[in-house]
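Fold and geometry: a report
This is what each chain is made of:
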Amino acid sequence: EEGHDIVVGWKEKRHDPWHTTFPSHVYNRAVARLFKLPLHDINCGFKCYRGEVVKKLHVYGELHRLLPALAAALGYRSTEIPVQHHPRRYGVSKYGFERFAKGAMDVVAVWFVTRHAHTPGHFFGKWSMLALLVSLFCGLAGIAFEMIFESPLAWAVWWLAGAVFAVGGLVLMAMALFSEFTLYHRPKLDTADYTAEVIKKN
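Residues numbered from 1 in each chain as written. Predicted model: local features only at pLDDT ≥ 70, side-chain atom pairs only at ≥ 80, totals over all residues. Heavy atoms only, no water.

A word on helix H4 (residues 97–116)
Note the following rule: Working definition: helices are DSSP H or I runs of at least four residues, strands are E runs of at least two. Numbering for both runs from the N terminus. In this analysis, the expected span of each helix is defined as 1.5 Å times one less than the number of residues it contains. The buried label goes to any residue with under 20% of its type's maximum accessible area, the exposed label to any with over 50%, and the partly exposed label to all in between, with areas taken from a 1.4 Å probe on protein chains only.
For H4, built from 20 residues, the straight-helix expectation of 28 Å at 1.5 Å per residue is met to within 8% by its first-to-last C-alpha distance of 28 Å. Buried within H4 are the following residues: Gly103, Asp106, Val107, Val110 and His116.

Printed below as a string of structure tokens:
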């Protein structure tokens, strides 16, 4: 009624051990700052959505924890209300490093999708150019060390570093081209009209 599209519960007073609450706190702070969400506890299972929000969200894997972030990318607003958290009475918590690592990878994936879904080539291309420039610098530095200081070892180290950056830059460039092709050109190539037109021309 106040104009929000998602309401998330906030376990303001948690009754969990520190090795559970501390990683969760770090995770929640990072997600809130990265996606600019006014939330303290995005992991809370208590969430209320407007129907139209749920219909527009594409969820797979374990992205249910990041639904407010996905919704924010579509322009929906989130808020939170405190909820009561009860201490665990039975069983053992399944929270551990593996779940934290998966959650971190999900955050990276959602950040990339929400920021670069329509321009993946620009993202990979930027880092590709940077890696190739670093590779060129390493190559020139290797030549300089060889000519000025006559140090074969330094030359080898600089050229090895240059080769590593060059390969990385070429891989990133290939990813940029592949992502652009997949996103913009592949659907066009798969259409019957376009295929028939290419066959007719050839």
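Things to note about the environment of Glu180
Residue placement: Glu180 occurs in helix H6 (residues 152–189). The exposure class of Glu180 is partly exposed, given its relative accessible area of 25%. With 61 residues separating them in the primary sequence, Glu180 and Thr119 have C-alpha atoms 7.7 Å apart.

Examining the packing of helix H1 (residues 18–35) against H4
Packed helix pairs are characterised by how far apart their axes lie and by the angle those axes make with each other. How we decide: Axis definition: a line fitted to C-alpha atoms, over the contacting stretch in the case of helices. Angles run 0 to 180 degrees between N-to-C directions. Working rule for angles: under 35 degrees goes down as roughly parallel, over 145 as roughly antiparallel, 65 to 115 as roughly perpendicular, anything else as oblique. For this analysis, residues touch if any pair of their heavy atoms sits within 4.5 Å.
For the pair H1 and H4, the least separation of the axes is 12 Å and the interaxial angle reads 0 degrees. Put simply, H1 runs roughly parallel to H4. Of the residues in H4, those touching H1 at Pro23, Tyr27, Val31, Leu34 and Phe35 are Phe100, Gly103, Ala104, Val107, Val110, Trp111, Thr114 and Arg115.

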